[in-house]
Amino acid sequence: MDLEIELRVDGTEHRLTVDTRTTLLDALREQLGNTSPKKGCDHGQCGACTLLLDGRRVLGCLAPAVAHQGADIVTAAGLADGELHPLQQSFIAHDAFQCGYCTPGQIVSAAGMLQEAGAGWPSAAAKDLGATDVVLDDEEIAERMSGNLCRCAAYANIVPAIAEVAHR
Amino acid sequence: MRPFRYERADEVSAAVTTLVRDPEAAYLAGGTNLVDLMRLEVVTPELLIDIRRLTSDRIEELPDGGLRIGAAVPNSDLAADPRVRRRYPVLSQALLSGASGQLRNLATTGGNLLQRTRCPYFQDITTACNKRTPGAGCSAMEGYQRDMAILGASPTCVATHPSDMAVALAALDAVVTVAGPASERRIRLTELHRLPEADPERDTVLARGELITGVELPPPHSALRSRYRKVRDRASYAFALISVAAALEVTDGAVRDARIALGGVAHKPWRATTAEATLRGAPATRESFLDAAAAELSAARPLPGNAFKVPLARNTMVATLLELLEEAR
């Protein structure tokens, strides 16, 4: 079954016809030519397809496009606004990748995570569940980023790359 | 994935009627489990009814001091709610210990309760599974058993319920509100999920078409402290081998009240009523906690591949209760 939907992707409006089986990830990659989000596991286990959906980080591979009619989507490519986003600059400065396949998902996830922490959302690493000010130490960053796997295991540089932006 | 039609429901009654009439229809909420199961062809609905806008996405105060959580409230919002963090810390901790930030943003309260087991055989259509195909047999009996049940299982099915949130809700005496073909009804959380018995294809007591509209939490007892402890194979983003949701009230060195539920041990969130009864009135000591855990686990019937879960459940129960005792001092 085909349905027509509208999506705003990285600031540009699109009208497209999708099969009901099409996920946001496939709509972006296959129909709109935006290959910034990556297809890793396609089962919601790796985080390579992380997108900001109406401002929140989600997994594009588990989101049917027809269920997100009118959504505002930001990919890693869309985070750059004229110049690279601070997280993108920091990932380069810290050499926070090897093959780079998980990197767009890592960066979008980190952007969403920093907003969550800024809003005072706790994590499983919280020592005080009631605290309204979140201090993003390495343990907090690792816990909050645990949905993004890196098979090259570049975590040792990913955590400092995010920490530098978090502590600015 | 098999082709399917998609509709957005505008009214609860219409959605319920569609599901009752069409055996090939299914409800879609956040989709974080359903979409994957459809891709694996474990479930093959021909029509998805999107119900996210049908139920409330708000958390509201009840007149008795409890909270009502709309079925569409995302897991992340529920975990971060200041009232939940303050009054029901066990619930917030349970949610935060489950899934990932991305998944919690999409997953809903109602959907979390109705997620399916992550038993590898249930999710693999090339293997025999009584939950997927009644009568086909259970591959876990001679296979991978690490994640399987130790309490309340049956010869037909040893799968475990995967939710962390539901374990906390079981300990909190939560009530689920349900809309259906007849009238609305209320189901105690501990009675929503069922044991596999001879028909493991049924996860819950819900009838065809019934739709979870919300979850109600009774007012928290002021002196009751609660927490969630989860043991798993990696530090984060993994399902529980064993989890414990516990609340404890201690007066003059004795246990006045205890609520304990276990995750990763059964086909449903396992309310540890035997342990609770053993603890009530007993001295608040490590010995009492060990006795209570042993009493609960005397009913355990582990498989060869998961016998370690019995001492692990005992130790996790005792450790969680000791933490709560320490907190009360």
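Taking an unreviewed UniProt entry as the reference, chain B is identified by name as Xanthine dehydrogenase family protein subunit M belonging to Streptomyces niphimycinicus.

As annotated in an unreviewed UniProt entry, chain A carries the name 2Fe-2S iron-sulfur cluster binding domain-containing protein and is attributed to Streptomyces niphimycinicus.

Below, the discussion takes up the pattern of salt bridges. All names here are of chain B. Applying the stated rule across the entire model yields 44 salt bridges over all chains. Here R87 makes a salt bridge to E61, at a shortest N to O gap of 2.7 Å. A residue pair is termed long-range when its members are at least 10 positions apart, and R87 in helix α4 (residues 82-87) and E61 in strand β4 (residues 59-61) qualify at 26 residues. In this structure, D173 and R271 form a salt bridge, with 2.8 Å as the shortest nitrogen-oxygen distance. Separated by 98 residues along the polypeptide, D173 in the loop between α8 (165-171) and β6 (175-179) and R271 in strand β12 (residues 270-271) bring together distant segments of the chain. Looking at R271, the relative accessible area reads 16%, which means it is buried. Here the salt bridges share partners, and the residues they tie into one network are D173, D257, R259, R271, E276 and R280.

Okay, helix α3 (residues 86-93) of chain A next. Residues and elements named next belong to chain A. Residues of α3 that are buried: L87, Q88, S90 and F91. Summarising the axial view, the buried residues of α3 lie within an arc of 165°, below the 170-degree limit, and thus occupy one face. Residues of α3 that are exposed and point more than 90 degrees away from the buried face comprise I92 and A93. Those residues of α3 hidden inside the fold are in contact with α2 (76-79), α4 (103-118) and α6 (155-166). Phi turns positive one or two residues past the end of α3, at D95, with a value near 55°.

Definitions and cut-offs
- Throughout, a residue's number is its position along its own chain's written sequence, starting from 1.
- Just so you know, chain letters begin at A and ligand numbers begin at 1, following the order they were written in.
- The predicted origin of the model limits local features to residues at a pLDDT of at least 70 and limits the giving and counting of side-chain atom pairs to 80 or more, whereas totals for whole chains, interfaces and linings rest on all residues.
- With hydrogens and water set aside, each side-chain value is computed from the structure's full complement of heavy atoms.
- Salt bridge, as applied in this entry: a Lys or Arg side-chain nitrogen positioned within 4 Å of an Asp or Glu carboxyl oxygen.
- Helix and strand definitions follow DSSP, with helices as H or I runs of at least four residues and strands as E runs of at least two, each counted in order from the N terminus.
- Each residue's exposure class comes from its accessible area (1.4 Å probe, protein chains only) as a fraction of the maximum for that residue type: buried when under 20%, exposed when over 50%, partly exposed otherwise.
- The reported arc concerns the directions from the helix axis to the C-beta atoms and nothing else.
- Pairs of residues are marked as contacts when any of their non-hydrogen atoms sit within 4.5 Å.

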